[in-house]
Amino acid sequence: MTSPERRPDHEVVVVGAGFGGIGAGIALQRKGIHDFLIVDKWDRVGGTWHANTYPGVAVDIPSFIYSFSYEQRGDWSRIFAPGDELRDYAESMVDKYGLRRKLLLNTTITGAEYDEDAALWLLRTDGERTLTARFVVMAVGGLERPKMPEIPGLDEFGGALVHTALWDHDVALEGKRVAVIGTGATALQLVPAIVEQVAHLTVFQRTPIWVFPKRDAAVRGWGRTVMSTPWLRSGIRTVGTVATEIGMGGMVAGPSWLTDTGRRLAEIPVRRWMRSQVHDPVLREKLIPRYGLGCKRPSMSNDYLSTFNRADVSLVTDPIERIDAHGVRTADGARHDVDVLICATGFKLWEKDAVPPFPVHGREGLSLGDFWDTHRFQAYHGVSVPGFPNMFTITGPYGFVLGSYFWMIEATAAHLSRAIAETKRRGEIVCEISRSAHDDYFAKCLRRQERNFLFTPVCHGSNTYYINSHGDSPFRPSTHGEMYWQNRHYNLDDYRYGTPDRTPHRTTVLEESA
């Protein structure tokens, strides 16, 4: 039994050294909280941008938006920066904000358990070490656990099998028959990047994706001057933010008559442009979505669609029936011989125990995975769940407004650092979101969700990951402005504060009616 007087190894342990963990560390420091440790399984910081190194990887939101508002850069090489520049940006943030000495890398958290008697979190690691912390921040991103396709015979394939999120640079593509399963945002980057190397490329498509032209360019000359001028750069960022707010936030939170009209008008030029990229009329129509714009994540590419004009590229839309040692067999009876099979099939996002990717047990042994699986994904502003004192998430359900990931990080990091600082100010060591505040927020999200066009016939056939197995869309149904304000100005009494009681499995907190 852990004694109530036991001091933790660290006041806060942040799990994940991607941009979520980095943003959390900076937010904690700004609140005067400096005793924290950032733990990550990789050997470098950057999270997704360190792990994903497939050919063509790049950000698909302009770099001047896809960055921290308080640390804008003017030296991006392109408007849409390649992945290694995002990783280097993460490294520079760690150095500038003094986080290097607070890192524990090459360490995987395998489980987290709350000790009620001592009000401590016990974090097990793969090195059989247990870290203790008063507070824990789950900064594990949603793009954490690669999802392999559930296709019979996949494990029988005799060639090289690769998932884009676990790219094997030792696998040679030159002169090989290569197949890509999936046509999401990753495939849009990968396919044009490898087509010149391979002997033949086969792309297996279940659902076509909306593709926008990518207004990308190298940043040089006057562009470099503009981006290096803080007030001009901030102005451009503001314009981009407002455009994203109207286009994406408005689509989710705006009135249906306006969003439906805007969506239909936007579809016309996009479909026209997409059709102009493909020569063969039959092939062209296979690449055009039949569901509405915005039902699933769209992306941008200037050369993905035109790649299918090549004689050495095939698009297959018949369902995959089975994979064997030599290739892929589709439902029409055709065989496709393959040397290298690449799965661009995304991540386990809204699945039990997917994020975080280890068991988490709170008060009275309550399992976070079981709670979400039984009661639907939910969290107060995407940050806190009742029954899990002193635990906060950066990317929890109903926390992310579609747009730049960094806006959410800044909002949720500000939220959790404010709650921890308030706990310390009150001289307490336990902080837990009240059930009533949490449930009120969840009910509000569900009410707003009712008018979300994702649940209308417009999105039938989209196979969107925006909707989970519970039939919910756990993205925050609000504008970015609302997310920004509410995470910084929520009622501090929505949380309950207290100290551990010596009675086993009890913690003294303020009454729920307080």
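Residues numbered from 1 in each chain as written. Predicted model: local features only at pLDDT ≥ 70, side-chain atom pairs only at ≥ 80, totals over all residues. Heavy atoms only, no water.

Side note on the overall build of the protein chain
Thinking step 1. The number of helices and strands found in the protein chain is 12 helices and 21 strands.
Thinking step 2. Against the 2.2 N^0.38 benchmark of 24 Å for 514 residues, the protein chain shows a C-alpha radius of gyration of 24 Å, consistent with a compact globule.
Thinking step 3. With the principal axes as the frame, the protein chain shows a C-alpha extent of 75 × 50 × 45 Å.
Thinking step 4. The buried share of the protein chain, reckoned over its 514 residues, is 56%.
Thinking step 5. Summarising the internal contacts of the protein chain: among those between residues at least 6 apart in sequence, 72% fall at separations of at least 24.
Thinking step 6. Only carbon and sulfur atoms are counted for the fraction: they give 53% of the accessible area of the protein chain, which is about 21,800 Å².
Thinking step 7. Within the protein chain, one finds 59 positive and 61 negative side-chain charges whose respective centroids are separated by 6 Å. (Helix = DSSP H or I, 4+ residues; strand = E, 2+ residues; numbered from the N terminus. Rg over C-alpha atoms; globule rule 2.2 N^0.38 Å. Buried < 20%, exposed > 50% of the residue type's maximum accessible area, 1.4 Å probe, protein only. Contact = heavy atoms within 4.5 Å. Areas by Shrake-Rupley, 256 points an atom, 1.4 Å probe, with all protein chains shown as cover. Lys, Arg positive; Asp, Glu negative; His and termini not counted. Charge placed at Lys NZ, Arg CZ, Asp CG, Glu CD.)

Digging into the state of the cysteines
Note: disulfide means a covalent bond formed between the sulfur atoms of two cysteine side chains.
Thinking step 1. The tally for this structure, following the rule as stated, stands at one disulfide.
Thinking step 2. Two residues, cysteine 295 and cysteine 459, share a disulfide whose sulfurs are 2.1 Å apart. Between cysteine 295 and cysteine 459 the disulfide shows an S-S torsion of about -80°. By sign, it is left-handed. Placement of the pair is cysteine 295 in the loop between helix 8 (281-286) and strand 11 (299-300) and cysteine 459 in the loop between helix 11 (435-449) and helix 12 (480-489), with a sequence separation of 164 residues. (Disulfide = S-S within 2.5 Å.)

Some thoughts on the confidence of the model for the protein chain
Thinking step 1. Residues with a pLDDT of 70 or more make up 93% of the protein chain, whose mean pLDDT is 90.
Thinking step 2. The model gives residues 502-514 a pLDDT under 50, and that stretch makes 32 contacts with residues more than four places away or in other chains. (pLDDT = per-residue confidence, 0-100.)

Overview of the packing of aromatic side chains
Thinking step 1. Evaluated as defined, the whole model comprises 25 aromatic pairs.
Thinking step 2. Judged by centre distance (4.7 Å) and plane angle (90°), the rings of phenylalanine 68 and phenylalanine 406 are edge-to-face. Of the two residues, phenylalanine 68 sits in the loop between helix 2 (48-51) and helix 3 (83-96) while phenylalanine 406 sits in helix 10 (residues 405-425), which places them 338 residues apart along the sequence.
Thinking step 3. The buried category is assigned to phenylalanine 406, whose relative accessible area is 0%. (Phe/Tyr/Trp six-rings, centres within 6.5 Å; stacked < 30°, edge-to-face > 60°.)

Considering helix 11
Thinking step 1. Helix length check: helix 11, at 15 residues, gives a terminal C-alpha distance of 21 Å against a target of 21 Å (1.5 Å per residue), a fit within 8%.
Thinking step 2. Among the residues making up helix 11, those that are buried are Ala437, His438, Tyr441, Phe442, Cys445 and Gln449. Each buried residue of helix 11 lies within a common arc of 130° when the element is viewed along its axis, so the set occupies one face. Exposed residues pointing more than 90 degrees away from the buried face of helix 11 are listed as Asp440 and Arg447.
Thinking step 3. Summarising the contacts, the buried residues of helix 11 are in contact with helix 9 (368-375) and strand 19 (430-433). (Expected span 1.5 Å × (residues − 1). Arc of directions from axis to C-beta.)

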